[in-house]
Amino acid sequence: MAEPIKVVVTGAAGQIAYSLLYQIASGAVFGPNQPVYLHLLDIAPMMGVLEGVVMELADCALPLLAGVLPTAKPEEAFKDVVAAFLVGAMPRKEGMERKDLLAANVRIFKEQGQALDKVARKDVKVLVVGNPANTNALICSKYAPSIPKENFTAMTRLDQNRAQSQLAAKIGVPVQNVKNVIIWGNHSSTQFPDASNAVVTVGGAQKPVPAAINDDAYLKSTFVTTVQKRGAAVIAARKMSSALSAAKAASDHMRDWFLGSGDRWVSMGVVSDGSYGTPRDVVFSFPVTTANGKWKIVQGLTITDFARQMLDATGKELAEEKQEALDVCKD
Ligand code: NAI
């Protein structure tokens with residue numbers, strides 16, 4: 001058995017973490033032979049709740065769980081970690097404007113970037129889930145200059161999984177038969193779920209998804225808006241935001257980053273190099289392939305006029321969010 005690796009989850013007393021911790025500790029992320037030492041960060045008032053989570057982790061009797069460190073101190077939580085799931089963020093409260101939420105959360109990610117910079121391993125892989133995820137990842141990276149920018153990513157995998165599931169249902173095949181659907185841009189309502197390069201296996205043969213569905217209007221409208229608004233639909237039904245599916249997506253994202261994506265493209269918010277005419281130095285979701293712990297943007301795809309408009313709109317939103325966040329960080 002390998003030596004345990006240290007993995008941190010922030011927002012560890014919250015609802016996403018409640019599902020995510022089990023997935024990490026049971027081997028779904030780092031593999032069935034990799035023990036993990038879990039560092040659990042939350043804010044001081046949540047330490048009592050966190051104690052309950054620690055008890056439940058013990059009660060799961062998981063062979064791969066080498067130890068647990070619950071703490072309210074970022075520098076303790078981030079010490080020597082190889083993987084960081086940054087889930088913790090302030091939820092939107094009644095009457096709160098989007099701008100106020102961005103300001104509150106960007107400050108959290110500035111502080112956590114500084115702590116990662118000081119005490120994490122320099123090869124730490126950081127996944128930001130807490131919203132606004134893309135811009136939080138950018139700010140976190142900016143305040144952790146000793147860690148490569150490529151090591152900071154934002155989660156759009158939930159959107160990808162939602163999109164894949166919608167397409168599979170529409171075509172009438174199991175979800176794993178659909179691959180290479182793309183989420184471009186921001187994890188927000190401007191994201192662009194794009195099925196134009198997706199492929200599906202039907203009756204043992206591969207087919208382009210647009211040919212299998214043969215309904216351009218559906219792919220440009222209902223499909224796009226269903227995925228964009230899926231989070232709101234879950235809140236309306238559950239009265240709470242997506243948590244089980246968000247935790248599964250976070251596991252998928254980190255597993256593929258560590259262990260490789262094979263012959264599938266996956267969508268990850270990564271620092272933009274300007275590919276596909278997107279603004280540089282924002283965290284933009286692209287189709288990537290992963291191998292040996294590194295991601296690479298899939299190149300050479302055709303961008304239609306429709307796609308161009310969608311990419312420009314979400315890129316513009318990210319550039320604006322970046323500016324707002326940088327203004328907040330100056331204070
Ligand atoms: P939650 O409110 O149940 O849990 C959040 C936890 O974070 C709480 O325990 C809170 O005390 C903690 N927290 C707040 N400030 C913190 C800090 N400075 N350090 C450490 N912990 C801190 O929320 P939930 O449902 O677990 O969601 C967490 C975040 O994930 C939210 O920002 C939500 O919008 C986002 N999200 C992102 C998705 C994505 O696809 N990127 C999907 C679903 C949710």
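Residues numbered from 1 in each chain as written. Predicted model: local features only at pLDDT ≥ 70, side-chain atom pairs only at ≥ 80, totals over all residues. Heavy atoms only, no water.

As named in an unreviewed UniProt entry, the protein is Malate dehydrogenase, taken from Spodoptera frugiperda. The heading Sequence similarities (unreviewed entry) in the UniProt record of the protein holds the text "Belongs to the LDH/MDH superfamily. MDH type 2 family." According to the UniProt record, the Catalytic activity (unreviewed entry) comment for the protein is "(S)-malate + NAD(+) = oxaloacetate + NADH + H(+)". (UniProt positions renumbered as here; feature names shortened; annotations may be inferred.)

Caption draft 1: A look at the domain arrangement of the protein. Taken domain by domain, the protein holds domain 1 (5–154) and domain 2 (157–320). Taking the mean C-alpha position of each, domain 1 and domain 2 sit 24 Å from one another. Surface buried jointly by domain 1 and domain 2 totals about 2300 Å² across both partners, of which 64% is contributed by carbon and sulfur atoms. Among the residues domain 1 hides against domain 2, the three largest losses belong to Gln-15, Lys-125 and Asn-134. Together they make up 27% of the total. Linking domain 1 with domain 2 are one salt bridge. For Lys-149, the salt bridge identified is with Asp-281, shortest N-O distance 3.9 Å. The interface formed by domain 1 and domain 2 includes ten residue pairs in polar contact (both at pLDDT 80 or more). (Domains from an automatic or database assignment. Buried area = accessible area lost by both parts, 1.4 Å probe. Salt bridge = Lys/Arg side-chain N within 4 Å of Asp/Glu carboxyl O. Polar contact = N/O pair within 3.5 Å; in protein donor to acceptor, adjacent residues only side chain to side chain.)

Caption draft 2: Looking closely at the packing of helix H4 (residues 98–119) against helix H5 (residues 133–142). Two elements in contact, H4 and H5, have axes separated by 7 Å at closest approach and are oriented at 35 degrees. Here H4 runs over H5; the crossing is right-handed. For the pair H4 and H5, the contacting residues are Asn-105, Val-106, Phe-109, Lys-110, Gln-112, Gly-113 and Leu-116 in the first and Thr-135, Asn-136, Ile-139 and Cys-140 in the second. The residue inventory of the contact of H4 with H5, partitioned by class, reads five nonpolar, five polar and one charged. (Axes fitted to C-alpha atoms, helices over the stretch in contact; angles between N-to-C directions. Helix = DSSP H or I, 4+ residues; strand = E, 2+ residues; numbered from the N terminus. Left-handed = near helix turned anticlockwise from the far one by under 90°. Contact = heavy atoms within 4.5 Å. Nonpolar A, V, L, I, M, F, W, Y, C, P; charged D, E, K, R; others polar.)

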